[in-house]
Amino acid sequence: QTVPFVRSSLLSWISQLVQKYDFDGLRIDTVPEVSPKFWTEFAQKAGVYTVGEAYTGEMDLVAMFQGPLDAVLSYPLYFTLRSVFGRQQSMYQLQDQRAAYKQSFSDLSVLGTFLDNHDNPRFLNSQKDYTLYKNALIYTLFSEGIPIIYYGTEQGFSGGGDPACREDLWHTKFDTQAELYQFLKQVIPFRKQLKIWEEKQIQRYADDNFYAFSRGSLFVALTQVGSYGKPVSRTITYHPYKEGTVLQGFFDPTYLLTVQKGKFQVTLENGLPEMFTPKN
C-alpha cells in the first residue's frame, strides 16, 4: 500500500467493486497490518459501512482503527463474554468493559459484536451449558453494537480451533427444530420489533452473578450461574419505569413484575436469562 501503483489500484478496485455489486458494507481482515492512513482512503473510496478485524484484546490497538474505518470487530468484548459466560467469572467484568469502551471508542453502536467466529474454538467447545450460551447470546444481540451470529450457532456446533470451528453445515440437514435455532428464531424478531438499535444502553445492576441493563422500555436480566445454579434474585431500584408499571417476561409471559415504591424484584431460575417490557 506504500507503493503508489498498488495503492491507487486498490482504491480504484474497491470503488468499482462496491458500485458493481451494491454491497451494504465490507468486513476487512487483519487491519493492523496496514497503516490507518490507507484505511481512511479505502473507506472513503468504498463509500459504505466498513468494519475491520484487529484480532487482539488490547483496547487501544483495536480502537485506533475506528476513525480510519467506521467500526471494528469487538474483540475486547469477545474475550470478556467468553470469560464471564464461558468460564463463569464475575459479571462486574461487563461493567468494567463497558466503561472502558466508552472511553476508547467514538461510536459503540456500530461495533461488530460477536461470540463465535471462524478463527477461534466455538463457545460450546469448552462450555457445554446451553443456558450459559443463551445468556451470552442475549447480551450479544441486545447490547449496543451490530450483532454477528456465526453460522452453526443455531445448530449447537462445538468445534475447536481452526479449521475444526468451520464445520459443514449441510450435515445437520438444516434442522429448524434444533433448540438454539428455535431460541434465535424467537429472540431476533423481538429485537427487530423493538428497534433496539434506536435506544441507548443503560446499566441498571451489576454484581458477580447478575447483570441487568435497559434499552428504551426493555429490561434485560442475565446471570452466569449456569443450569445447575441456585435462583438469582435481585431488587432493582434504578430503572426507567413509572410507579405501578407491570412488566411481563419475554420467555415466560406469565412472569409479571410490578413496580412498587420505586422498585421491583427479579428472580432468574435455572440460570436462564429473562427480558421484560411493560405489559399492554
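Refer to the preceding data block for the structure.
Numbers given to residues run from 1 along each chain, matching the order in which its sequence is written. Totals for whole chains, interfaces and linings use every residue, but because this is a predicted model, local features are given only for residues with pLDDT of at least 70 and side-chain atom pairs only at 80 or more, for both listing and counting. As a rule here, side-chain values cover all heavy atoms of the structure and leave hydrogens and water aside.

### With respect to the environment of glutamate 53
Structurally, glutamate 53 can be placed in the loop between strand S2 (49–52) and helix H3 (59–63). With 19 residues separating them along the chain, glutamate 53 and valine 72 place their C-alpha atoms 5.8 Å apart. We call two residues contacting when some pair of their heavy atoms lies within 4.5 Å. If sequence neighbours within four positions are ignored, glutamate 53 has contacts with Arg27, Ile28, Asp29, Thr30, Val31, Pro32, Leu73, Tyr75 and Asp119. The secondary structure listing takes helices from DSSP runs of H or I that are at least 4 residues long and strands from runs of E that are at least 2 residues long, numbered from the N terminus.

### Looking at the side chain of aspartate 207
Here aspartate 207 shows up in the loop between strand S6 (201–206) and strand S7 (210–215). N or O atoms within 3.5 Å of each other form a polar contact, as long as, within protein, one can give a hydrogen and the other can take it, and as long as residues adjacent in sequence are counted only when both atoms are side-chain atoms. Within polar-contact distance, the side chain of aspartate 207 engages the backbone nitrogen of asparagine 209 at 2.9 Å. Within polar-contact distance, the side chain of aspartate 207 engages the backbone nitrogen of phenylalanine 210 at 2.7 Å. The residues contacting aspartate 207, other than those within four sequence positions of it, are Ser90, Met91, Tyr92 and Arg234.

### Some thoughts on unusual backbone geometry
Between aspartate 162 and proline 163 the backbone carries a cis peptide bond, its omega angle lying at 10 degrees. Among the structural elements, proline 163 can be located in the loop between strand S5 (146–148) and helix H8 (179–194). Within the chain, phenylalanine 174 stands out as a residue other than glycine whose phi angle is a positive 55 degrees. Mapping phenylalanine 174 onto the fold places it in the loop between S5 and H8. Of note in this structure, lysine 195 is not a glycine but carries a positive phi near 50 degrees. Take lysine 195: it is sitting in the loop between H8 and S6.

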